[in-house]
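Below are the chains, spelled out letter by letter.
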Amino acid sequence: MRTIRTFAILAGVVAASVAPASELLTVHSLTAGKNANVSLNYFGSTLNVVSGPQLASLDGGAMFDAYCVDLTHWNTIPSSYPVNSLSTDLLSNGQRIAYLYNTYAATVASSTQGAALQLAIWDVLVDNGDGLSSGNLKSSVGGGILTQANAYLAASVGQSAQANYLKATGHGTGGNYYQDLVGPCGPGPTVPGPAAALPFLTSAFAMRRRAKRGK
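Residues numbered from 1 in each chain as written. Predicted model: local features only at pLDDT ≥ 70, side-chain atom pairs only at ≥ 80, totals over all residues. Heavy atoms only, no water.

**Concerning the packing of aromatic side chains**
One pass over the structure, following the stated rule, counts 6 aromatic pairs. Ring geometry for W74 versus Y177: centroids 5.6 Å apart, planes at 70 degrees, classification edge-to-face. Remark: Y177 occurs in the loop between β8 (164-168) and β9 (181-183) and W74 occurs in the loop between β5 (64-68) and β6 (79-87); sequence separation between them is 103 residues. Between Y81 and Y178, the aromatic rings sit 4.6 Å apart at their centres with planes inclined by 20 degrees, giving stacked as the arrangement. Residue Y81 is located in strand β6, and its partner Y178 is located in the loop between β8 and β9; the two are separated by 97 residues in the primary sequence. A network of ring pairs unites the aromatic residues Y99, Y104 and Y152 as a single cluster. (Phe/Tyr/Trp six-rings, centres within 6.5 Å; stacked < 30°, edge-to-face > 60°. Helix = DSSP H or I, 4+ residues; strand = E, 2+ residues; numbered from the N terminus.)

Shown next as structure tokens:
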């Protein structure tokens with residue numbers, strides 16, 4: 001019973017240490033020159049959206065380009081709302097999305113690239129990156145955007161990374177506002193997903209067992 005109790009205490013400590021702290025996300029504007037209007041077929045419905053990065057900051061800090069990972073809600077710009085900074089492990093195909101963000105967001109220099117990167121992120125999120133001509137998310141956007149999006153998708157196959165999943169703590173009046181976004185990892189660690197806490201718990205339990213055998 002003593003070992004079980006120690007394990008339970010350790011589990012409680014880890015759970016407390018990774019509890020998300022709310023931060024204020026401010027979306028200042030669409031990032032100038034990096035967005036384009038596109039039409040999507042999303043689960044059979046037509047969505048006319050702006051595709052590309054949003055210029056954002058956390059708690060009044062440095063601005064960064066954030067990309068949407070939430071096609072169910074939208075942002076009124078400018079706006080400020082509370083978010084939890086979480087691991088992209090919690091997103092569907094989150095590590096591949098993080099790779100796309102970390103590898104390409106800083107290199108986006110045009111509306112074609114910005115719109116394409118956003119489309120690639122959405123396709124990985126919704127359809128496992130099967131391309132924009134099939135699945136639950138489709139687009140026939142032209143102007144080189146589709147070609148660039150497919151290039152991003154092809155380069156991201158089998159890749160993984162970590163970024164910051166900025167999950168809105170609520171979605172405003174009527175449930176239609178405040179998007180979840182992805183952004184750069186900040187100076188502090190993001191809250192890991194459940195699998196990320198497991199190695200610590202396992203090693204702590206093993207240390208406890210070794211200590212008992214040594215007595």
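**Quick look at the environment of S92**
Looking at where S92 falls in the secondary structure, it is placed in the loop between β6 and α2 (94-104). For S92, a relative accessible area of 40% corresponds to the partly exposed category. When neighbours within four sequence positions are excluded, S92 is seen to be in contact with I97, V124 and L125. (Buried < 20%, exposed > 50% of the residue type's maximum accessible area, 1.4 Å probe, protein only. Contact = heavy atoms within 4.5 Å.)

**Re the sheet that holds strand β2 (residues 36-42)**
Read across the open sheet, the 3 strands follow the order β3-β2-β7; overall the sheet is antiparallel. Bordering the open sheet on either side are β3 (45-51) and β7 (137-138), each of which pairs with just one other strand. Lying on the sheet, helix α3 (residues 111-127) is in contact with β2, β3 and β7; it crosses β3 at an angle near 135 degrees. (Pairing = 2+ DSSP bridges. Axes fitted to C-alpha atoms, helices over the stretch in contact; angles between N-to-C directions.)

**What about α3?**
If you check α3, its first and last C-alpha atoms are 23 Å apart, about what 17 residues at 1.5 Å a residue would give, namely 24 Å. Buried residues dominate α3, accounting for 14 of its 17 residues. Of the residues trailing α3, N128 is marked for its positive phi of about 60 degrees. (Expected span 1.5 Å × (residues − 1).)

**Describing the environment of D70**
On the secondary structure map, D70 appears in the loop between β5 and β6. Given the relative accessible area of 7%, D70 is considered buried. The sequence separation of D70 and Y178 amounts to 108 residues, and the corresponding C-alpha distance is 9.2 Å. Those residues in contact with D70, other than ones at most four positions away along the chain, are W122, L125, H171, Y178, Q179 and D180. There is a polar contact of 3.0 Å between the side chain of D70 and the side chain of H73. (Polar contact = N/O pair within 3.5 Å; in protein donor to acceptor, adjacent residues only side chain to side chain.)

**Overview of a nonpolar patch on the surface**
On the surface, a nonpolar cluster with roughly 200 Å² of combined accessible area is contributed by L30, V50 and I77. With respect to the helices and strands, the residue L30 is situated in strand β1 (residues 22-30). Residue class for L30 comes out partly exposed when judged on its relative accessible area of 36%. (Patch = residues over 30% accessible without salt bridge, like charges linked within 9 Å, V, L, I, M, F, W, Y side chains within 5 Å. Areas by Shrake-Rupley, 256 points an atom, 1.4 Å probe, with all protein chains shown as cover. Salt bridge = Lys/Arg side-chain N within 4 Å of Asp/Glu carboxyl O.)

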